[in-house]
Amino acid sequence: MPGTQDLHSGLRTPKAVPDHANGDDQTRDISAWETAEPHDWLGHKLQCQGCRHEELHRDGRCRRGRVCVRDARARRIERFFRENPSGANDYLDHPYFEVRTLAVRFASVFRLPALIDDPDAEVRAGVALRLPTVRIEALMADPDRRVRIAVASRLSGAALLKMLADEDWFVRLIVVRRLSATSLVSAVHDPEPDVRRWVARGIDLKYLPALAADPEPTVRQIVATRAQEGLLLQLAHDHDIRVRFTSIERLPYPMLATLENDDEKIICDLVARRLAEEKPGRNSGEEDHGIGA
């Protein structure tokens, strides 16, 4: 399960690296990006003189172009809050969304309810990752998937189950990754194969037959990696070669004899190999004796 820091990182759209950038060229590009003349979010050049944080600058806790809450670059703003977390409360109403988003991570949790309706989704997502779960259920219906993903990563029980009805498949995927093995039965008919694949990996074995006839072969193949005897034999006759192969690899020896006449040579070879390897009474000593004779 990803941690809070990982979710924070995932909610921000990564900056693209030019296709031609590689090796020393990429290093120079990054270096130039870091050392460029710093500007604020409105495009004005930054000056330390007259800034409210001049004292922090003298103490080395605020450095122009590196650690600065007025900078337009999120990395520099975050460094500022990491070095001066007590100042985060003062920036929860800042007009620049990056400042509010980053301030939410460090501000007092008691100040966060005021931002639950913030106009920016990343701010609301940050609030969802920190407020007590009883305070974030209203965000289950947030219009932005990033916020609902954050909510799904926090809720549990009946509230989490409700999010299986979310319209976004990735939100539902986060939900099923956090549900118990028995609760996963509620998602066996999810319209998204990726969700059902995860369900097949984790669902309680007694509910596994519900996925044995899934329309997606890769879901049935996962079922075959976990199925037991009767269900496994059923899947060994599946119309998809991948499902049959996976099933036959796991079938008990006595069930293999009925599968020698498969239409696919690779399946016939697998059955023959397994029959030869697992023939009762056969062992390496008998083989050696036969060769020596």
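Note that the structure is predicted; figures quoted are calculated from it, not measured.

Visitor: Teacher, can you tell me more about the overall build of the protein chain here?
Guide: Secondary structure summary: the protein chain contains 15 helices and zero strands in total. For the protein chain, buried positions account for 43% of its 293 residues. Residue pairs in contact within the protein chain that sit at least 24 positions apart in sequence constitute 28% of those at least 6 positions apart. About 16300 Å² of surface is accessible on the protein chain, with carbon and sulfur atoms providing 51% of the total.

Visitor: Where do I start with the packing of helix α11 (residues 217-224) against helix α13 (residues 241-250) in this structure?
Guide: The axes of two packed helices give the description: the angle between them and the distance between them. One way to put it is that α11 packs onto α13 with a least axis distance of 8 Å and a crossing angle of 0°. Considered as vectors, α11 and α13 are oriented roughly parallel to each other. Touching Pro-217, Thr-218, Arg-220, Gln-221 and Ala-224 of α11 are Arg-242, Val-243, Thr-246, Ser-247 and Arg-250, all from α13. Residues of the contact of α11 with α13, tallied by class, amount to three nonpolar, four polar and three charged.

Visitor: Quick question: what am I supposed to make of the side chain of Arg-196 here?
Guide: For Arg-196, the location among the structural elements is in helix α10 (residues 193-202). By relative accessible area, Arg-196 is classed as buried at 6%. A polar contact of 2.7 Å, which involves the side chain of Arg-196, links it to the backbone oxygen of Asp-190. Not counting residues within four places of it along the chain, the set of residues in contact with Arg-196 comprises Ala-187, Val-188, His-189, Asp-190, Pro-191, Asp-214, Pro-215, Glu-216 and Val-219.

Visitor: Hey, could you run me through the state of the cysteines in this one?
Guide: Throughout this description, disulfide means a covalent bond between two cysteine sulfur atoms. With the rule as written, the count across this model stands at zero disulfides. Considering cysteine sulfurs only, Cys-62 is the nearest to Cys-51, which forms no disulfide, with 5.7 Å between them.

Visitor: Hey, could you run me through the environment of Glu-137 in this one?
Guide: Within the secondary structure, Glu-137 is located in the loop between α6 (121-128) and α7 (145-152). Residue Glu-137 is classed as partly exposed on the basis of its relative accessible area of 38%. In this structure the C-alpha to C-alpha distance between Glu-137 and Arg-154, which are 17 residues apart in sequence, comes to 9.8 Å. Non-local contacts of Glu-137, meaning those with residues more than four positions away in its chain, are made with Leu-155 and Ala-159.

Visitor: Mind showing me how you'd approach the packing of aromatic side chains here?
Guide: Centre-to-centre distance and the angle between the planes together describe a pair of aromatic rings. A complete count under the given rule lists seven aromatic pairs for this structure. Between Tyr-96 and Phe-97, the aromatic rings sit 5.6 Å apart at their centres with planes inclined by 80°, giving edge-to-face as the arrangement. Aromatic ring contacts, followed pair by pair, group Phe-80, Phe-81, Tyr-91 and Phe-106 into a single cluster. The ring of Trp-198 is capped by Arg-177, whose NZ or CZ atom sits 5.1 Å from the centre of that ring.

Visitor: Help me understand the nonpolar core, please; the structure alone is not making it clear to me.
Guide: Within soluble globular proteins, side chains that are nonpolar generally end up buried alongside one another. Counting residues in hydrophobic clusters, the biggest one holds 74 residues, and the most contacted among them are Phe-81, Val-151, Val-199 and Ile-248. Among all residues touching Phe-81, those that are not within four sequence positions of it are Val-69, Gly-87, Ala-88, Tyr-91, Val-99, Leu-102, Ala-103 and Phe-106.

Visitor: Help me understand the pattern of salt bridges, please; the structure alone is not making it clear to me.
Guide: Working definition: two side chains of opposite charge can pair if their charged atoms are close together. Counting across every chain of the model gives 20 salt bridges. One salt bridge connects Asp-194 with Arg-197, and the closest N-O pair in it is separated by 2.4 Å. One end of the pair is Asp-194 and the other is Arg-197, both in helix α10 and three residues apart, which spans about a single turn. Classification of Arg-197 by relative accessible area gives buried; the value is 19%. Where Arg-244 meets Asp-262, a salt bridge forms, and the shortest distance between an N and an O atom there is 3.0 Å. Taken together, the residues Arg-244 in helix α13 and Asp-262 in the loop between α13 and α14 (265-277) connect sequence positions 18 residues apart. Each of the salt bridges in this network shares a partner with another, and the network as a whole consists of Glu-78, Arg-82 and Arg-105.

How each quantity is defined
- Residues numbered from 1 in each chain as written.
- Predicted model: local features only at pLDDT ≥ 70, side-chain atom pairs only at ≥ 80, totals over all residues.
- Heavy atoms only, no water.
- Helix = DSSP H or I, 4+ residues; strand = E, 2+ residues; numbered from the N terminus.
- Buried < 20%, exposed > 50% of the residue type's maximum accessible area, 1.4 Å probe, protein only.
- Contact = heavy atoms within 4.5 Å.
- Areas by Shrake-Rupley, 256 points an atom, 1.4 Å probe, with all protein chains shown as cover.
- Axes fitted to C-alpha atoms, helices over the stretch in contact; angles between N-to-C directions.
- Parallel < 35°, antiparallel > 145°, perpendicular 65-115°, else oblique.
- Nonpolar A, V, L, I, M, F, W, Y, C, P; charged D, E, K, R; others polar.
- Polar contact = N/O pair within 3.5 Å; in protein donor to acceptor, adjacent residues only side chain to side chain.
- Disulfide = S-S within 2.5 Å.
- Phe/Tyr/Trp six-rings, centres within 6.5 Å; stacked < 30°, edge-to-face > 60°.
- Lys NZ or Arg CZ within 6 Å of the ring centre and 35° of its normal.
- Core = buried A, V, L, I, M, F, W, Y, C linked by side-chain atoms within 4.5 Å.
- Salt bridge = Lys/Arg side-chain N within 4 Å of Asp/Glu carboxyl O.

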